[in-house]
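The lines below spell out each chain.
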Amino acid sequence: MNKFAKLLVCAVLLSVTGIAPVSAAAPTFAQVVDGVDGSKNTKFAAKENWKKFKGQEVNWSGVVQQVDSKGSKEAKVYVADKSRPLYKGYNIELITSDLEKAASFKKGQTIRFKGIIDDFDSKDPGAVVELKGVTF
């Protein structure tokens, strides 16, 4: 059996068994920022790069800078990942419904979090990335 035939058989088996191919790893914070950084990309390139990141679930960490309420059901946690430029002391915004946990954070505390990449604001240099549905 030649190489093409083997690939075809593998493709058919995958489609029949319903086994999905392994997906790419979630992007790192650095990859997202570098992709939308206003000092490294044109506005168009940043928007095109963003399409690869939006909606992906990530598991990152950073240092708490501030916590504010976002209505009565959500909080916004401002976090710094110092591997990339900061904007007003932070570069990640976390939107969470876990008000109790958000209220327990102290400035300067390192936290781990999981959330969905939802929005960004390109800066020159860097970017601020917003995650929604965040858990700690």
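Structural data are supplied above this passage.
Residues numbered from 1 in each chain as written. Predicted model: local features only at pLDDT ≥ 70, side-chain atom pairs only at ≥ 80, totals over all residues. Heavy atoms only, no water.

A few points about the environment of Ala-45
To keep things clear, this is the line we draw: Secondary structure elements are taken from DSSP: a helix is a run of H or I of four residues or more, a strand is a run of E of two residues or more, and numbering for both begins at the N terminus. Burial classes: relative accessible area under 20% of the type maximum marks a residue as buried, over 50% as exposed, and values in between as partly exposed (1.4 Å probe, protein chains only).
In this structure, Ala-45 sits in helix α3 (residues 43-53). Classification of Ala-45 by relative accessible area gives partly exposed; the value is 25%. Separated by ten residues in sequence, Ala-45 and Gly-35 place their C-alpha atoms 8.1 Å apart.

Side note on the packing of helix α2 (residues 29-36) against α3
Operational definition: To obtain an axis, a line is fitted to C-alpha atoms, over the contacting stretch when the element is a helix, and the angle between two such axes runs from 0 to 180 degrees between their N-to-C directions. Any angle from 65 to 115 degrees is called roughly perpendicular, while one under 35 is roughly parallel, one over 145 is roughly antiparallel, and all others are oblique. It only takes one pair of heavy atoms within 4.5 Å for two residues to be counted as in contact. Here the nonpolar group is Ala, Val, Leu, Ile, Met, Phe, Trp, Tyr, Cys and Pro; Asp, Glu, Lys and Arg are the charged ones; every other residue, Gly included, is treated as polar.
Where α2 meets α3, the axes come as close as 7 Å, and the angle between the chain directions of the two elements is 150°. Judged on the interaxial angle alone, α3 and α2 are roughly antiparallel. Contacts between α2 and α3 involve Gln-31, Val-32, Gly-35 and Val-36 from the first element and Ala-45, Ala-46, Asn-49, Trp-50 and Phe-53 from the second. Of the residues belonging to the contact of α2 with α3, the class tally is six nonpolar, three polar and no charged.

Observations regarding the packing of aromatic side chains
To be explicit about the condition: Note on ring pairs: Phe, Tyr and Trp rings are taken, using the six-membered ring of Trp, and paired if centres are within 6.5 Å. Classes follow the plane angle, with under 30 degrees stacked, over 60 edge-to-face and the rest tilted.
Enumeration over the complete set of coordinates arrives at five aromatic pairs. Aromatic side chains Phe-29 and Trp-60 sit 5.3 Å apart centroid to centroid with 75° between the ring planes, which places their arrangement in the edge-to-face category. Placement of the pair is Phe-29 in helix α2 and Trp-60 in strand β1 (residues 57-69), with a sequence separation of 31 residues. Look at Phe-29 and you get buried, because its relative accessible area is 3%. In textbook terms, an aromatic cluster arises when at least three aromatic residues are bridged by ring pairs, as seen for Tyr-78, Tyr-87 and Tyr-90.

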